[in-house]
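Chain and residue survey
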Amino acid sequence: METTFAYTLYIATTPKKLWEALTSSVYTTRYFFGSRIQSDWKEGSSITYLRNEEVTDYGIILKCEPYRLLSFTWTYAADKTVRDEPQKVTFELTPLDSTVKLKLKHEGLAPSDIVEKEDTFEGINNGWPAILSNLKSLLETGTTLRAVTI
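The paragraphs below set out a description of the structure included in this document. (Residues numbered from 1 in each chain as written. Predicted model: local features only at pLDDT ≥ 70, side-chain atom pairs only at ≥ 80, totals over all residues. Heavy atoms only, no water.)

1. Comments concerning the packing of aromatic side chains
Under the counting rule described, the total for this entry stands at 12 aromatic pairs. Ring pairing ties together the aromatic residues Tyr31, Phe32, Phe33, Tyr49, Phe72, Trp74, Phe91 and Trp128, which thus form one cluster. (Phe/Tyr/Trp six-rings, centres within 6.5 Å; stacked < 30°, edge-to-face > 60°.)

Spelled out as structure tokens, the structure:
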């Protein structure tokens, strides 16, 4: 059984600034559990997230339309789940005056990717909201949420 996780939020920023936050380690290290991101942002190229210089997540860029759409395969390095296909993450940016609507879709999930606990950032359903809330706080206030660390 395949599962999809979707999350939408509105951020008081510009598409350019949000794109930079999604694609630059200057930002990801602050809002994405300390993760550095690496890629040349070309379709077919690799994308890698590193924490403490160890690869935590990686994939291949499927679509890259700056300031509008970023989609890539997703593999969690510590994942032991047998999968027929890699997961897929898509960020869609839609400008709305002085706000950007950010839609995240994480596809190809197994039931084990969803963690039904309230006091954790584990699981796609807990991790992404924490990461994206932290991103929103960073872009709107310049600071991140203290509780969003692992």
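2. Section: the side chain of Ser137
Within the secondary structure, Ser137 is located in helix α3 (residues 124-141). Every residue in contact with Ser137, bar those within four places of it in the chain, is listed here: Gly142, Thr143 and Leu145. (Helix = DSSP H or I, 4+ residues; strand = E, 2+ residues; numbered from the N terminus. Contact = heavy atoms within 4.5 Å.)

3. Re the sheet that holds strand β6 (residues 87-96)
Reading across from one edge, β1-β7-β6-β5-β4-β3-β2 is the order of the seven strands in this open sheet, with antiparallel pairing throughout. Sheet topology places β1 (3-11) and β2 (36-38) at the edges, where each strand pairs with a single neighbour. Between one strand and the next, the sheet's axes are offset by a mean angle of 20°, whatever the strand orientation. Summarising the sheet, β2 and strand β3 (residues 46-51) pair through three bridges and their orientation is antiparallel. (Pairing = 2+ DSSP bridges. Axes fitted to C-alpha atoms, helices over the stretch in contact; angles between N-to-C directions.)

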